[in-house]
Amino acid sequence: MKVVLVPVAEVSSRENRMDSWRTQKPAIDYSTCIRCMICWKFCPDNAIMYSDDGGYQFPNERLSKLEAPVIDYEHCKGCGICANECPEGSITMEMEGGE
Amino acid sequence: MIRTLQKYNAIMTGNEAVAMGAKLARVRFISAYPITPQTTIVEKLAEMIANRELDARYVEVESEHSAMAATMASELTGTRSYTATSSHGLLYMHEMLHWVAGQRLPVVMSVVNRAIGPPWNIWSDQTDTMNQKDTGWMQVYCESNQEALDTILMGYRIAEDRNVMLPLMTMEDAFVLSHTSEPVNVPEQKAVDDFLPELDLSYRIDVDRPMGYGSYSTPDGPFMELKKDMHDSMDRARKAIRSVTAEFATSFDRNYSGLIEEFLTEDADYVLIASGTLASTGKYVIQRLREKGYKVGLIRIRFFRPFPADEIRKAVKGTKGTGIIDRSISFGSGGNTFLEVSSSLYGTDNPPLYGFIAGLGGRDVKIEDFEEMFRIMEKKEPGQYWINIRRGD
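Note that the coordinates shown come from a computational prediction; the quantities given were computed from them, not determined experimentally. (Residues numbered from 1 in each chain as written. Chains lettered and ligands numbered in written order. Predicted model: local features only at pLDDT ≥ 70, side-chain atom pairs only at ≥ 80, totals over all residues. Heavy atoms only, no water.)

### Some words on the overall build of chain B
Next up, step 1: Counting its regular elements, chain B contains 12 helices and 16 strands.
Next up, step 2: The globule rule puts the C-alpha radius of gyration for 393 residues at 21 Å, and the 21 Å found for chain B is close to it.
Next up, step 3: Expressed as lengths along the three principal axes of its C-alpha atoms, the size of chain B is roughly 70 × 55 × 45 Å.
Next up, step 4: By the burial criterion, 58% of the 393 residues in chain B qualify as buried. (Helix = DSSP H or I, 4+ residues; strand = E, 2+ residues; numbered from the N terminus. Rg over C-alpha atoms; globule rule 2.2 N^0.38 Å. Buried < 20%, exposed > 50% of the residue type's maximum accessible area, 1.4 Å probe, protein only.)

### Details of helix α2 (residues 39-50) of chain B
Structural remark: α-helix, 3.6 residues per turn; residues separated by three or four positions point the same way.
Residues and elements named next belong to chain B.
Next up, step 1: With 12 residues, α2 extends 16 Å from end C-alpha to end C-alpha; this agrees with the ideal 16 Å at 1.5 Å per step.
Next up, step 2: Looking only at α2, the buried set comprises T39, I41, V42, L45, M48 and I49.
Next up, step 3: Looking at the packing, one finds that the buried side of α2 touches α1 (14-24), β2 (29-32), β3 (57-60), β4 (81-86), β5 (108-113) and β7 (168-173).
Next up, step 4: Taken from the residues just after α2, R52 is the one with a positive phi, measuring 60 degrees. (Expected span 1.5 Å × (residues − 1). Contact = heavy atoms within 4.5 Å.)

### Quick word on the packing of aromatic side chains
Residue and element names in this part refer to chain B.
Next up, step 1: All told, the structure shown has 11 aromatic pairs over all chains when counted by the stated rule.
Next up, step 2: Note on Y354 and Y385: the rings are 6.4 Å apart at their centroids and 25 degrees apart in plane angle, and the pair reads as stacked. Remark: Y385 occurs in strand β16 (residues 383-386) and Y354 occurs in strand β15 (residues 353-357); sequence separation between them is 31 residues.
Next up, step 3: For Y354, a relative accessible area of 3% puts it in the buried group.
Next up, step 4: Over the ring of Y156 we find R80; its NZ or CZ atom is 5.3 Å from the centre of that ring.
Next up, step 5: Geometry around F195 places R157 over its ring, the cationic atom sitting 4.9 Å from the centre. (Phe/Tyr/Trp six-rings, centres within 6.5 Å; stacked < 30°, edge-to-face > 60°. Lys NZ or Arg CZ within 6 Å of the ring centre and 35° of its normal.)

### Considering the interface of chain A and chain B
Reports of interface size often rely on the accessible area that becomes lost once the parts have come together.
Next up, step 1: On the chain B side, the residues contacting the 11 residues of chain A number 19 residues.
Next up, step 2: When the buried surface of chain A facing chain B is broken down by residue, V4, L5 and P7 of chain A rank first, second and third, together holding 41% of it.
Next up, step 3: For the pair chain A and chain B, the interface holds 0 salt bridges.
Next up, step 4: Between chain A and chain B we count 4 residue pairs in polar contact (both at pLDDT 80 or more) in total.
Next up, step 5: Counted by class, the side of chain A that touches chain B contains 8 nonpolar, 1 polar and 2 charged residues.
Next up, step 6: Across 2 bridges, strand β1 (residues 8-9) of chain A lies against strand β9 (residues 212-213) of chain B in antiparallel orientation. (Buried area = accessible area lost by both parts, 1.4 Å probe. Salt bridge = Lys/Arg side-chain N within 4 Å of Asp/Glu carboxyl O. Polar contact = N/O pair within 3.5 Å; in protein donor to acceptor, adjacent residues only side chain to side chain. Nonpolar A, V, L, I, M, F, W, Y, C, P; charged D, E, K, R; others polar. Pairing = 2+ DSSP bridges.)

### Things to note about the side chain of E64 of chain B
All names here are of chain B.
Next up, step 1: Looking at where E64 falls in the secondary structure, it is placed in helix α3 (residues 64-76).
Next up, step 2: For the buried E64, no salt bridge is present, and the opposite-charge side chain at shortest range is R114, 8.3 Å distant.
Next up, step 3: Apart from residues lying up to four places away in sequence, E64 is in contact with Y33, P34, I35, T85, G89, Y92 and M93. (Lys, Arg positive; Asp, Glu negative; His and termini not counted.)

Have a look at this one:
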């Protein structure tokens, strides 16, 4: 029986969407992305996932066999660290809601 | 008088008595940082653990802020936890006090009331705990070593009441209680176990049931409702305090009468309101004045949070004057108890109110000082007065 209110969250913090926090949004150019996953490693919010659905562009056939980074736009806060770290310059930051 | 004659079976200082209270309450976790005049409480508990008289974990930390953080973390796992501090150490804990109360953790902490510098001062003064009155902790001011011990036991019962779930701090006056030996009745462990069952915390850290603790809330989230519930729980605590105190009286034959203790107030023309050991001197003076035919009485505030507004309203009704003694001051306004009593009586047919600031930094409040307070109430205009203050030449 709940008698007093206790500030605990019984739902996962994944339910907290962060997309409204963003002013800029990262976009990956898969035609130049070498699948190094440095963006995945540096993302402070675990908002970059692995994907093996293969439906992305790729710079060459060999790289088409590797998993690709995919941004979880519900949890990405738009900090731009991924774009800054990308060794190929494949991630660009675009203004939210157009220029 | 509220205490019945009883068999004493020990002589102990206030600090030894609260350490014994924590042991009897079967606390399982203690974390503290030393500060005079609290240190001997946790020293005693550390000794009990080392001697295997108490089965608890003792965690040494580098500050009071960490002590309360560790106590909070431990309590969150559903373990009955305890800490103790004083003065500047308590102020250093201030942030964590809000976290423990806001997280609805029924921690009990002993505080030995000591002045806040500058100038550096280790003596009795209530400024340290009055600074914490808005943190959501219940506050009890004790008058004797026996009460200090018993309040730990009652404290856990009240704090852990499912209608309350708020932490509680219990106070002793520096040195007057903390380092002074008095005869004490130490109850049997079996009787304490019957009175105080094991803690069963509904929301505890459990790897099989993951939950978010201390998560965040937007303005539209439950933030405001959670705060209102804390305030409502303080209201519900009044009921819990009365019933736990009554049950304690039945089990241990010591009756602390609830949120306040009234001493010869029934027919009194003039009433003093005090807390802690100042009330003891006050009662002595009142007995002497009664012998001379003066109709005087005293209200001892035990609980400052929740504040006993109804009890005080009833007790001072019809007096010719009510004086409120404060061993602390809110600069630019007045004595903290004076302010609380004044607002409790707002809109009622209240008696003239006199605020007395006394005993700051451990300055003795003597028999003459109490007589002076009664003289002021009889002769002077209502207002706030400083007692035994040296005038500049």
